[in-house]
Amino acid sequence: VHFHPHSESSFLVSINHTSRRPVVVGDLPPMQALTEFAKARPRTTGIYGSFVVGCFIVFRSLEAKASGAYDYVLTLSAGLQALAFALLVCDSKSQAAEGLSEKTLWAFFIAHVARLSTTFWGEGYVPEDNTGDVYLYQTLEVLGVMLLAFKILGVTTVRTIHDVGQGLERWSVLLGMGVVAAILAFFTKSTGHNDYFADLSWMFSVWLEAFALIPQVRLLAAAGGQLDESVVHFAGATFAASLAFGAFWWKAAVERYQEFMREGYHGFLFGITAAAAIRMMLCGAYVYLFVRSSKQFQGPRTTKGEYELCAQDMADMEDEL
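Just so it is clear, the model here is predicted, and its values are computed rather than measured. (Residues numbered from 1 in each chain as written. Predicted model: local features only at pLDDT ≥ 70, side-chain atom pairs only at ≥ 80, totals over all residues. Heavy atoms only, no water.)

1. What to know about the overall build of the chain
Condition: Comment: elements are numbered from the N terminus, with helices defined as DSSP H or I runs of at least four residues and strands as E runs of at least two. Only protein chains enter the accessibility calculation, which uses a 1.4 Å probe; a residue is then buried when its area is under 20% of its type maximum, exposed when over 50%, and partly exposed in between. Working definition of accessibility: Shrake-Rupley area with a 1.4 Å probe, residue cover restricted to the visible protein chains.
Within the chain, the secondary structure is distributed over twelve helices and zero strands. In the chain, the order of α-helices and β-strands from amino to carboxyl end is α-α-α-α-α-α-α-α-α-α-α-α. Expressed as a percentage of its 321 residues, the buried residues of the chain come to 49%. Here the chain displays about 15400 Å² of accessible surface, and carbon together with sulfur accounts for 64% of that area.

Structure follows, in structure tokens:
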């Protein structure tokens, strides 16, 4: 990486619904379980398979400078996050996307746009290997923005039409996250772009992305229940992306600690490592809450007096029964 040190009553029960029966593979041998999963979920398998093939092709053709020998990890992080969004968009089983926080999607969207506004024209914070010649890192981020925009539009439209989840999440939470991210970015930004606003925007994107899962964790903690399976895959891929991002910047911080200290970039050193740690902890909390809620899930039965399913999901449920 080039770096210069210069209505609130229409959603909770819908979380307890999945429109397809889950594939039980836990008691099967690994290969047989994989085969059964591929047969049951060909679209999901195709997305994962395409990602693996893409990683193999990129790695085989990778040429890195000495100063960017591990920059592929940063590209991998962007690829994993794009994979998470692709799974969310292409493999959703319910139009209402049960258990998915709209505000989390908006936080990711704003963070990606803020980062792209700097990395497309600046040389800072982007991989220095030969993938930079074809703008692979930026392309993956653009893909993520497009997938997020499509998902936000679809989910918002369906939930508005069927009056699902209205009032459950507050815009004030997203606004508060943005304000805190901007303040932290002001105190922890560096000079990778040698441009005040570009560096501020990039660091803002890092902090906002670190906080992005807060609405999702709050929603799952409050509601419990079963998620749309695509949300589960989204959580796993996002967690993997967070690990790659954290590992890359932690290694950079350790290797360049003396340089950061000498140049007076204590704030950036703290900020980038703290943001990566927060992002990983929130992903871990998300996975933990999902596992806990899955153990408590009792099936697609619902009770009156809580949140109702949207009409389309009720129809899917009746067809299945």
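2. Brief notes about the packing of helix 3 (residues 72-90) against helix 4 (residues 102-119)
Rule in force here: To obtain each axis, a line is fitted to C-alpha atoms, and for helices this fit is confined to the stretch in contact; angles are then taken between N-to-C directions over 0 to 180 degrees. Angular relationships are summarised with four words: roughly parallel below 35 degrees, roughly antiparallel beyond 145, roughly perpendicular across 65 to 115, and oblique for the angles in between. Helix crossings get a hand from a simple test, with the near helix turned counterclockwise from the far one by less than a right angle marking a left-handed crossing and a clockwise turn marking a right-handed one. Only heavy atoms matter for contacts: two residues are in contact if any of them lie within 4.5 Å across the pair. Asp, Glu, Lys and Arg are counted as charged, while Ala, Val, Leu, Ile, Met, Phe, Trp, Tyr, Cys and Pro are counted as nonpolar; the rest, among them Gly, fall into the polar class.
It is at 13 Å that the axes of helix 3 and helix 4 come closest, and there the two elements cross at 140°. Relative to helix 4, the element helix 3 lies oblique. Between helix 3 and helix 4 lies a crossing whose hand is left-handed. Two secondary-structure elements touch here, helix 3 through Gln81, Phe85 and Leu88 and helix 4 through Leu105, Phe108 and His112. Taken together, the residues of the contact of helix 3 with helix 4 sort by class into four nonpolar, two polar and no charged.

3. A short note on the layout of surface pockets
Picture a little ball the size of a water molecule; that probe, rolled over the atoms, points out where space is still empty. We apply this condition: Cavities and pockets were defined on a 1 Å grid built over protein atoms only: a cavity is a set of grid points that admits a 1.4 Å probe from which the probe cannot escape, a pocket is an open set flanked by protein on both sides within 12 Å along at least five of seven lines, and lining residues are those with an atom within 4 Å of any such point. Grid points are joined across faces, edges and corners, and a volume is the space filled by probe spheres set on the points.
What the largest pocket holds in volume is close to 390 Å³. In terms of lining residues, the largest pocket is bounded by 18 residues, among which Phe51, Gly54, Cys55, Gly79 and Leu140 are the most central. Mapped onto the lining of the largest pocket, the elements with two or more residues apiece are helix 2 (42-60), helix 3 and helix 5 (136-161).

4. Things to note about empty space enclosed by the protein
When its volume is computed, the largest cavity comes out at roughly 110 Å³. Along the walls of the largest cavity sit 13 residues, with Ser77, Arg115, Tyr137, Glu141 and Glu209 positioned nearest its centre. Mapped onto the lining of the largest cavity, the elements with two or more residues apiece are helix 3, helix 4, helix 5 and helix 7 (196-211). Considering each element in turn, the lining of the largest cavity owes the most residues, four residues, to helix 3.

5. Overview of the confidence of the model for the chain
To be explicit about the condition: A residue's pLDDT is the predictor's confidence in that residue, given on a scale from 0 to 100.
Across the chain, pLDDT averages 78, with 74% of residues at or above 70. The least confident element of the chain, judged by mean pLDDT, is helix 12 (residues 311-320) at 46; the most confident is helix 6 (residues 171-188) at 95. Counted against residues more than four places away or in other chains, residues 5-25, with its pLDDT under 50, gives 84 contacts. Low pLDDT (under 50) marks residues 297-318, which in the prediction has 40 contacts with non-local residues, meaning those over four places away or in another chain.

6. Observations regarding unusual backbone geometry
Phi at Tyr125 is positive, roughly 65°, even though this residue is not glycine. Assignment of secondary structure puts Tyr125 in the loop between helix 4 and helix 5. The class of Tyr125 is buried, set by a relative accessible area of 0%. Look at Asn194: it is not a glycine, yet its phi comes out positive at around 55°. Turning to its location among the elements, Asn194 is positioned in the loop between helix 6 and helix 7. Residue class for Asn194 comes out partly exposed when judged on its relative accessible area of 47%.

7. Re the nonpolar core
The condition that has to hold: We define a nonpolar core as any set of buried Ala, Val, Leu, Ile, Met, Phe, Trp, Tyr and Cys residues linked to one another through side-chain atoms lying within 4.5 Å.
Trp202, Trp207, Phe234, Trp249, Ile272 and Tyr286 are the most contacted members of the largest nonpolar core, which totals 61 residues. In terms of residue count, the dominant contributor to this core is helix 3 (eleven residues). Phe234 has contacts with Gln81, Ala84, Phe85, Leu88, Phe108, Leu213 and Tyr286, leaving out every residue within four places of it along the chain.

8. Here's the deal with the pattern of salt bridges
Convention followed: Any Lys or Arg side-chain nitrogen found within 4 Å of a carboxyl oxygen on Asp or Glu counts as a salt bridge.
As enumerated under the stated definition, the model contains three salt bridges in all. Arg115 is the salt-bridge partner of Glu141, the closest N and O atoms lying 2.6 Å from each other. Note that Glu141 is positioned in helix 5 and Arg115 in helix 4, a separation of 26 residues in sequence. As far as the burial class goes, Glu141 and Arg115 line up, both buried. Between Glu209 and Arg115 there is a salt bridge, with the nearest N and O atoms lying 3.2 Å from each other. You can see Glu209 sitting in helix 7 and its partner Arg115 sitting in helix 4, a full 94 residues away along the chain. Look at Glu209 and you get buried, because its relative accessible area is 5%. Residue classification places Arg115 among the buried residues on the basis of a relative accessible area of 4%. Through salt bridges that share partners, Arg115, Glu141, Glu209 and Arg279 make up one connected network.

9. A closer look at a nonpolar patch on the surface
Applied cut-off: To count toward a patch, a residue needs a relative accessible area over 30% and no salt bridge; like charges are then connected within 9 Å, while nonpolar side chains (Val, Leu, Ile, Met, Phe, Trp, Tyr) are connected within 5 Å.
On the surface, Leu175, Val179, Ile183, Phe186, Phe187, Tyr196 and Phe197 cluster together into a nonpolar patch covering about 790 Å² of accessible area. It is helix 6 that provides the largest number of residues to the nonpolar patch, a total of five residues. Its place among the elements puts Leu175 in helix 6. According to the relative accessible area criterion, Leu175 is exposed, its value standing at 59%.

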